[in-house]
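Residue strings, one per chain:
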Amino acid sequence: MTAVVNEDTWTARRINRTALITMVVMVFAWAVDYIDRFSIGMALPMIGAEFDLSKTQQGWLVTVFALVYMVCQIPAGFLADRYGSRGPMLVTLLAWSAFTAMTGMAGTFGMLLLVRGLFGVCQGLFPAASFKAIAERTTPGNRATVTGVMLSAGGIGAGLAPLIVGPLLMALGWRHTFFWMAGIGAIIGVVVWTLLPKPLPKSLSSLPRTETSVPEVSRKQVLKSFVVWKFTLLFCATNMLNYGLITWVPSYLLEARGLTLNQTGVLAAIPMLVSIGTTILGGWLFDKYFHDHGRWYLGSIALVTVVLLILMVSADSTAEFTLYETLALAVFGMATMAVFGLPLRVLPTAVTGIGMGVMNFGGQVAGAVAPVAMGWLADAFSYTAAFGFLIVTTFLTAVMAFWVPQNPAQFKFSPASPQ
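Summary of the structure given here. As the structure is a computational prediction, the values presented were derived from the model and not from experiment.

Scoring rules and cut-offs
Residues numbered from 1 in each chain as written. Predicted model: local features only at pLDDT ≥ 70, side-chain atom pairs only at ≥ 80, totals over all residues. Heavy atoms only, no water. Phe/Tyr/Trp six-rings, centres within 6.5 Å; stacked < 30°, edge-to-face > 60°. Helix = DSSP H or I, 4+ residues; strand = E, 2+ residues; numbered from the N terminus. Buried < 20%, exposed > 50% of the residue type's maximum accessible area, 1.4 Å probe, protein only. Axes fitted to C-alpha atoms, helices over the stretch in contact; angles between N-to-C directions. Parallel < 35°, antiparallel > 145°, perpendicular 65-115°, else oblique. Left-handed = near helix turned anticlockwise from the far one by under 90°. Contact = heavy atoms within 4.5 Å. Nonpolar A, V, L, I, M, F, W, Y, C, P; charged D, E, K, R; others polar.

### Looking at the packing of aromatic side chains
Geometrically, a pair of aromatic rings is defined through the distance of the ring centres and the angle of the planes. Evaluated as defined, the whole model comprises 16 aromatic pairs. Centre to centre, the rings of W229 and F361 are 6.2 Å apart; their planes meet at 80°, and the pair counts as edge-to-face. With W229 in helix α9 (residues 226–255) and F361 in helix α14 (residues 352–380), this pair connects stretches of sequence that are 132 residues apart. Accessibility expressed as a relative area gives 28% for W229, which makes it partly exposed. A relative accessible area of 24% means that F361 is categorised as partly exposed. Look at W376 and F381: their rings are 5.8 Å apart centre to centre, the planes differ by 80°, and that puts the pair in the edge-to-face class. For W376, a relative accessible area of 48% puts it in the partly exposed group. Following the ring pairs from residue to residue traces out a cluster consisting of W30, W96, F126 and F131.

### Some details on unusual backbone geometry
With phi around 55°, D52 is a residue other than glycine that occupies positive phi space. Residue placement: D52 occurs in the loop between α1 (12–51) and α2 (55–83). Note on D52: relative accessible area 68%, which makes it exposed.

### Quick look at the environment of G87
Take G87: it is sitting in helix α3 (residues 86–103). Relative accessible area serves as the criterion here: at 32%, G87 is assigned to the partly exposed category. Taking the C-alpha atoms as reference points, G87 and A129, 42 residues apart in sequence, are found 8.9 Å from one another.

### Things to note about the packing of α2 against helix α4 (residues 109–124)
Viewed as axis vectors pointing N to C, α2 and α4 meet at an angle of 30°, and their least axial separation amounts to 7 Å. Considering their axes alone, α2 and α4 lie roughly parallel with respect to each other. The way α2 lies across α4 gives a crossing that is right-handed. Mapping the contact onto sequence places Q57, W60, L61, V64, F65, V68, Y69, C72, Q73 and A76 in α2 and F109, L112, L113, R116, G117, F119, G120, V121, Q123 and G124 in α4. Here the residues of the contact of α2 with α4 sort into 13 nonpolar, six polar and one charged.

Following this line, the structure appears as structure tokens:
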């Protein structure tokens, strides 16, 4: 006779263990995601030299990825809600590893653009599935903390990418570097699929109905929600900073500051690695103190970051530039869960995939705009003008912080249409 597993078997210890294992597994997956995604920034000078590309053309190698990645976000949300998280994550990790390898095989600039676009399709299906995995395996009370740790892997990946990719580029060249990264990504994909634990029961993974304005929400309601799209635009503004700095700081240090590739790798890594701790801290602070007071928290962080970016742009020395860049990303890292925290608390688990897909769509608009816009500004004016673009978008974040709701009661959906 088969034993019936019910909610009573989910002890506090088991619930916490499920959240912990999920968090660790997703950190590994997101770290590989970001290493593979942002290694192109380190390789751009070599690729640009081989194919005789302008900075604007180099920016398009990042932007074409982001455009395709952006378009995939909402369909990815539907797939995650329809098929769950485990299968889609395995497929995407293996597929993007294949296109990482194909990046190293490209013989023309046009082929590079095509491969980076296909790479964007594969990676574009991953975030919604990963947010779905978190929503299925955590309670609303610890979800921002777990998600903050997962998203801190962006700092891990972006920080490790220069340290790993710089020496590989020097030793192997840019083509063989992508081959090595492809193999590592495929291995991590299998590990993620194997270790991801069983989801929690729906009654444990969702807010009580008394705390949400609409107890049952359809995917159509999420897509039509003005509040969800507000958060989408907010994430677009906040993500400009990360995409802009990761794409162009390595080239800036090489060309404007005269550093070697290895020196550039170390200095480009420092700000990203520091942001790991502050992203985790931001998730904990949101869960503990600011889950109902996100506006002033996010707005204050963004304004402090603006000041630090101004100091970074006006820095006289490389050390001073890196110091202010590090401080800016450290402070701004605490803002991540002020953007994602409330939607992740309010959205029912059944529609988390589509909700996060819509939000991540906005973040990837930033990925499409920032690299090529900053490349054009650097070509037409200077790197100072390019980094000035990030000052403007970060200030816009501070303004938009007061435009979005800050507690579950304010997070409303339109009533479902009669059937």
